[in-house]
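Here is what each chain is made of, one letter per residue.
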Amino acid sequence: MKGQNSFNLNSLAWVKHEITVSLDEAREEVLAYAENTAETEHLYEALPRIKDVYGTLEVADLSGAAMLAKESLAVVGGLAEGSIRNTEEASRLVVRALIQLPDYLDFVQSNHEDEPVVLVSILNDLKAIRNKEFISSDIIDIPVPENDEAMLAEQRHSGESLQSLAHLTQHA
């Protein structure tokens, strides 16, 4: 591991289980909302869970994971406020992000650098659903990994449909 701060890994080891539980609960709420978009109370149940995860990741100084939690939080907030019109796609993207986030934490915890560039695709998808400007490794301070194809291959579950994601969560 190149310059990974041992504080990050120690912090992550302490909070990983709680983060995973919170993300699982938030994902279930978003899935329940996706089944019936009139039931926005599910989003209001998901919001504090994602916000807590975001805060924890910020304190642990895990910038890639924190960025993904922040964008997920923004999309769920937009859905709750009614400012996002494509609720099915937005729900699918949030579920995908909430599944990918623990995978990314596992990746970092297995002695890989916290390299947010591997998350740029999902981050931009979440930004696009809110009509926000895309990010790229050129305009933010993200180190370019030496072997990005191998890191991307280690990220599971990307590009799944909402139904297949729901199926995955029921068997997890």
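Quick note: structure is the one above.
Residues numbered from 1 in each chain as written. Predicted model: local features only at pLDDT ≥ 70, side-chain atom pairs only at ≥ 80, totals over all residues. Heavy atoms only, no water.

Engineer: Explain the environment of E29 to me, using residue names and the numbers behind them.
Structural biologist: Considering the arrangement of structural elements, one finds E29 in helix α1 (residues 6-35). Residues E29 and V95, spaced 66 residues apart in sequence, show a C-alpha to C-alpha distance of 9.7 Å. (Helix = DSSP H or I, 4+ residues; strand = E, 2+ residues; numbered from the N terminus.)

Engineer: Hey, could you go over helix α4 (residues 87-109) for me, with residue numbers and the actual values?
Structural biologist: With 23 residues, α4 ought to run about 33 Å at 1.5 Å a step, and its terminal C-alpha atoms sit 33 Å apart, in line with that. Within α4, 18 of the 23 residues are buried, leaving the element largely enclosed by the surrounding structure. Downstream of α4 by a residue or two, N111 has a phi angle that is positive, lying close to 70°. (Expected span 1.5 Å × (residues − 1). Buried < 20%, exposed > 50% of the residue type's maximum accessible area, 1.4 Å probe, protein only.)

Engineer: Outline the packing of helix α3 (residues 63-81) against helix α5 (residues 120-129), listing residues and values.
Structural biologist: Where α3 contacts α5, the axes come no closer than 9 Å and their chain directions differ by 20°. For the element pair α3 / α5, the angle class is roughly parallel. The handedness of the crossing between α3 and α5 comes out as left-handed. Between α3 and α5, the contacting residues are M67, L68, E71, S72 and V75 on the first element and I122, L123, L126, K127 and I129 on the second. Here the residues of the contact of α3 with α5 are counted per class, giving seven nonpolar, one polar and two charged. (Axes fitted to C-alpha atoms, helices over the stretch in contact; angles between N-to-C directions. Parallel < 35°, antiparallel > 145°, perpendicular 65-115°, else oblique. Left-handed = near helix turned anticlockwise from the far one by under 90°. Contact = heavy atoms within 4.5 Å. Nonpolar A, V, L, I, M, F, W, Y, C, P; charged D, E, K, R; others polar.)

Engineer: Account for the packing of α4 against α5, with residues named and values stated.
Structural biologist: Each pair of packed helices can be described by the angle between their axes along with the distance between the axes. It is the contact of α4 with α5, at a shortest axis distance of 10 Å, that shows an interaxial angle of 150°. Taken together, the axes of α4 and α5 are roughly antiparallel relative to one another. Here α4 and α5 pass one another in a crossing that is left-handed. Contact residues: α4 offers E89, A90, L93, V94, R96, A97 and Q100, while α5 offers S121, I122, D125, L126 and I129.

Engineer: Talk me through the nonpolar core; I want residue IDs and the actual numbers.
Structural biologist: Within the largest apolar cluster, 46 residues are counted, with the highest numbers of intra-cluster contacts made by L57, L62, L68, V75, V76, L101 and L126. For this core, the secondary-structure elements that each account for two or more residues are α1, α2 (41-59), α3, α4 and α5. Not counting residues within four places of it along the chain, the set of residues in contact with L101 comprises L23, V53, L57, A65, L68 and A69. (Core = buried A, V, L, I, M, F, W, Y, C linked by side-chain atoms within 4.5 Å.)

Engineer: Describe α3, listing the residues and the values that go with them.
Structural biologist: For α3, spanning 19 residues, the distance from its first C-alpha to its last is 26 Å, which sits close to the expected 27 Å at 1.5 Å a residue. Counting buried positions along α3 gives 14 out of 19 residues, so the element sits mostly inside the fold. Taken from the residues just after α3, G82 is the one with a positive phi, measuring 85°.

Engineer: Got a sec to walk through the pattern of salt bridges? Specific residues and values, please.
Structural biologist: The full count for this structure, using the stated rule, is eight salt bridges. Its salt-bridge partner being K16, residue D106 comes within 2.9 Å of it at the nearest N-O pair. Highlighted residues: D106 in helix α4 and K16 in helix α1, separated in sequence by 90 residues. For K16, a relative accessible area of 12% corresponds to the buried category. Taken together, the shared-partner salt bridges connect E25, E45 and R49 into one network. (Salt bridge = Lys/Arg side-chain N within 4 Å of Asp/Glu carboxyl O.)

Any functional reading would require information beyond the geometric quantities listed.
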